Structure formats: C-alpha cells, structure tokens
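Remarks on the overall topology
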Amino acid sequence: MSSFHHIGIFVSDLDHGKSHMSNLLGALDVSKEILDEKMGVQIVFLKDQQEILYELVAPYGGNSLVHGVLARGQNILNHVAYVSDEFDKEIFRLRDKGCVPIGAPQAAKAFEGAKVTFFLTPLGFIFELIEGPL
C-alpha cells in the first residue's frame, strides 16, 4: 500500500503561488525551486503548520502540459500523491481498481530521479504514484 505524500496544485507562476498560499495558510516551510526541463515544469514544495505538503507546479517552456490545464481552468487542484516502496506492484493494483494510466512512468527531478506516474481514478481525480522510499 502507499502512503500520502502531497497535494499538487498547478499555478501560472511559482512566486505568485507561494505568495497566495502563504497568505492563505500562514507561515510555510518552502523548498528550493526545482526545474525539470524534461517534464516541462518548475516545482516548489510548501509545508504548512499541520505538516501537509503541497507541490506547486508551474509550466516551463512552450510545450508544458501545464499550459493547457491552466488555460482550461480545470484540474488546477491537480493531483493527490502517494509514495510506494512497491511501485510496480502498486501500478497493477491501481489498474485493477479501475484507475487509467495517464502516461508512462518517468524519472522526476523533484524526487531525485525516482519514477512517478499518474492515473485518472474512477472518481475523476488524478492520483500520482511516486517510487519510494524517499
């Protein structure tokens, strides 16, 4: 089974996103910004006072899939992420539960090259699976 890791939110600009989240939630621990050119995103992690981790994801480059999501104004609260020490086994479990893969697993800079993959769940939200341990 997987354990909760973070909530992913798409933003047009990391600075604006950090400012808004800070105004909304108060003092936050903020990670360094991560540029993942291969995935076409800029990322920063924020941790609130209850230890909930948020990932702000902004587009990087003209081909970033984030542009389309932001333009449609849908799925801004984009995904719920879980980490699993049994990544491949968990992929099969999620498929058996009716989750549809959105793409192939790929290495993510935000997790030091650990693989990530995304699924659309039967309830219509996106589930990110991160290869653990982190």
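Residues numbered from 1 in each chain as written. Predicted model: local features only at pLDDT ≥ 70, side-chain atom pairs only at ≥ 80, totals over all residues. Heavy atoms only, no water.

**Some thoughts on a nonpolar patch on the surface**
The grouping of Val 100, Ile 102 and Leu 120 at the surface amounts to a nonpolar patch, some 260 Å² of accessible area in total. Structurally, Val 100 can be placed in strand S7 (residues 100-101). (Patch = residues over 30% accessible without salt bridge, like charges linked within 9 Å, V, L, I, M, F, W, Y side chains within 5 Å. Areas by Shrake-Rupley, 256 points an atom, 1.4 Å probe, with all protein chains shown as cover. Salt bridge = Lys/Arg side-chain N within 4 Å of Asp/Glu carboxyl O. Helix = DSSP H or I, 4+ residues; strand = E, 2+ residues; numbered from the N terminus.)

**Observations regarding the packing of aromatic side chains**
If you walk through the whole model with that rule in mind, you get three aromatic pairs. Residues Phe 4 and Tyr 82 carry aromatic rings whose centres are separated by 5.7 Å and whose planes lie at 80° to one another, so their mutual orientation is edge-to-face. Here the residue Phe 4 occupies a position in strand S1 (residues 3-10), and Tyr 82 occupies one in strand S6 (residues 77-84), the gap between them amounting to 78 residues. The partly exposed category is assigned to Phe 4, whose relative accessible area is 39%. Centroid distance Tyr 82 to Phe 127: 5.2 Å. Interplanar angle 5°. Geometry classified as stacked. Taken together, the residues Tyr 82 in strand S6 and Phe 127 in strand S10 (residues 126-131) connect sequence positions 45 residues apart. Given a relative accessible area of 24%, Tyr 82 falls into the partly exposed group. For Phe 127, a relative accessible area of 11% gives the class buried. (Phe/Tyr/Trp six-rings, centres within 6.5 Å; stacked < 30°, edge-to-face > 60°. Buried < 20%, exposed > 50% of the residue type's maximum accessible area, 1.4 Å probe, protein only.)

**As for the side chain of Ser 64**
Looking at the secondary structure, you find Ser 64 in the loop between strand S5 (53-59) and helix H2 (65-72). What makes Ser 64 buried here is its relative accessible area of 7%. In terms of polar contacts, Ser 64 uses its side chain to reach the backbone carbonyl oxygen of Gly 40, at 2.6 Å. If near-sequence neighbours (up to four positions away) are discounted, Ser 64 is found in contact with Gly 40, Val 41 and Pro 59. (Polar contact = N/O pair within 3.5 Å; in protein donor to acceptor, adjacent residues only side chain to side chain. Contact = heavy atoms within 4.5 Å.)

**Quick word on the nonpolar core**
In terms of nonpolar packing, the biggest core is built from 17 residues, with Ile 43, Phe 45, Val 57, Ala 110, Phe 111 and Ile 130 touching the most fellow members. Going through the elements one at a time, strand S4 (41-47), S5, H2 and S6 are the ones with two or more residues in this core. With three residues, S4 is the largest single contributor of residues to this core. If sequence neighbours within four positions are ignored, Val 57 has contacts with Ile 9, Phe 10, Val 11, Val 41, Gln 42, Ile 43 and Val 66. Core analysis: the next-biggest nonpolar cluster, separate from the first, contains ten residues, Leu 28, Val 44, Leu 56 and Ala 58 among them. (Core = buried A, V, L, I, M, F, W, Y, C linked by side-chain atoms within 4.5 Å.)

Remember, this is a structural readout, not a statement about activity or role.
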